[in-house]
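Listed here are the chains, written in short residue letters.
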Amino acid sequence: MAMSATRLIYCCACQDKVSARLTTGREVYPHRPDLHALPFWRHDACGGFVGCHHKTADRTRPLGCIPTPELKEARRHIHALLDPIWQSGRMSRRAIYAAISAELGWKYHTASLRSIEEARQVYRLIRRISAQA
Ligand SMILES: [Zn+2]
């Protein structure tokens, strides 16, 4: 039997770097056969998990921190605000992310958001950037 891989990843629910275990979609999304073959990192203590950059050469590299269900919703909401701005061509995707990063002071990725407070700050920035575009 193969040794199970673990990796230190920030868990938003536990608010700390935790030892996450490499697993697959078969465990975390049992009702989604389309995801069964994909890699995920799971924090067994709280049940949180995060997907991976599975389309890249480093296919088990986590997408970001391990989100809470609440944070997952907040990220979906951010994409619902953000995506129409670049999809409409009013601003390029790169320009929006650069503008958000400049305001936050760190390189912004929605998967890196660690708390609802950060997500709220990003909602406000998107509204402001969108009003100026
Ligand atoms: Zn956790």
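Along each chain, numbering runs from 1 in the same order as the chain's sequence is written. pLDDT decides what is reported in this predicted model: residues at 70 or higher carry local features, side-chain atom pairs at 80 or more are listed and counted, and totals for whole chains, interfaces and linings draw on all residues regardless.

Colleague: Run through the overall build of the chain, naming residues and quoting values.
Modeller: Assigned secondary structure in the chain consists of four helices and four strands. In terms of overall dimensions, the chain has a C-alpha envelope of 55 × 30 × 25 Å along the principal axes. Placing C-beta atoms from the backbone, we regard two residues as in contact once those atoms come within 7 Å. Sequence separation of at least 24 residues holds for 41% of the intrachain contacts in the chain that already meet a minimum separation of 6. Numbering of helices and strands runs from the N terminus, with a helix taken as a DSSP run of H or I at least four residues long and a strand as a DSSP run of E at least two residues long.

Colleague: Break down the sheet that holds strand β2 (residues 16-24) for me, with residues and values.
Modeller: Hydrogen bonds between backbone atoms are what pair the strands of a sheet, whose relative direction is either parallel or antiparallel. Two strands are counted as paired when DSSP detects at least two bridges linking them. The four strands are arranged β1-β2-β3-β4 in an open sheet whose pairing can be described as antiparallel. Each edge of the open sheet carries a strand with a single partner, namely β1 (6-11) and β4 (48-51). Ignoring which end each strand starts from, the neighbouring axes of this sheet average 40 degrees apart. Where helices are involved, their axes are fitted lines through C-alpha atoms of the stretch in contact, as for all axes, and angles between N-to-C directions lie from 0 to 180°.

Colleague: Explain helix α3 (residues 93-104) to me, and be specific about the residues and the numbers.
Modeller: For a helix, the expected span equals 1.5 Å multiplied by the number of residues minus one. The end-to-end C-alpha distance of α3, which contains 12 residues, comes to 17 Å, matching closely the 16 Å that a straight helix rising 1.5 Å per residue would cover. Once α3 ends, the next one or two residues include glycine 105, with phi positive near 85 degrees.

Colleague: So what's going on with helix α2 (residues 69-87)? Residues and values would help.
Modeller: The end-to-end C-alpha separation of α2 is 26 Å, in line with the 27 Å expected for 19 residues at 1.5 Å each. Lining the buried residues of α2 we find α3 and α4 (116-132).

Colleague: I'd like a description of the packing of α3 against α4, backed by residues and values.
Modeller: Between α3 and α4, the shortest axis-to-axis distance is 10 Å and the interhelical angle comes to 125 degrees. It follows that α3 is oblique to α4 by the angle criterion. Here the hand of the crossing between α3 and α4 comes out right-handed. Together, Ile96, Ala99, Ile100 and Glu103 of α3 and Val122, Leu125 and Ile129 of α4 make up the contact between the two elements. In this scheme, roughly parallel covers angles under 35 degrees and roughly antiparallel covers those over 145, while 65 to 115 is roughly perpendicular and the rest are oblique. Crossing handedness follows the turn of the near helix against the far one: under a right angle anticlockwise gives a left-handed crossing, and clockwise gives a right-handed one.

Colleague: Could you give an account of the pairing of strand β3 (residues 39-43), with specific residues and numbers?
Modeller: Judged from the four bridges that link them, β2 and β3 form a sheet pairing that is antiparallel. Within β3, the position partnered with arginine 21 by the bridge is arginine 42. Here four bridges tie β3 to β4, and the two strands are oriented antiparallel to one another. Within β4, the position partnered with arginine 42 by the bridge is phenylalanine 49.

Colleague: Any chance you could break down the nonpolar core for me, citing the residues and the numbers?
Modeller: Note on terminology: a nonpolar core is any set of buried Ala, Val, Leu, Ile, Met, Phe, Trp, Tyr and Cys residues joined through C-beta atoms within 7 Å. Comment: burial labels come from other C-beta atoms within 10 Å of the residue's own C-beta, placed from the backbone, where a count of 20 or more is buried, 12 or fewer is exposed, and between is partly exposed. The biggest cluster of nonpolar side chains holds 18 residues, and the ones touching the most others in it are Cys11, Cys12, Trp41, Phe49, Val50, Cys65 and Ile66. Contributing elements (two or more residues each) for this core: β2, β3, β4, α2, α3 and α4. The element contributing the most residues to this core is α2, with three residues. Here this core spans two domains, since at least three of its residues come from each of domain 1 (1-66) and domain 2 (69-132). Each residue touching valine 50, except ones within four places of it in the same chain, is listed here: Ile9, Phe40, Trp41, Pro62, Leu63, Gly64, Cys65, Ile66 and Pro67. Segment limits for the domains were obtained from an automatic or database-derived domain assignment.

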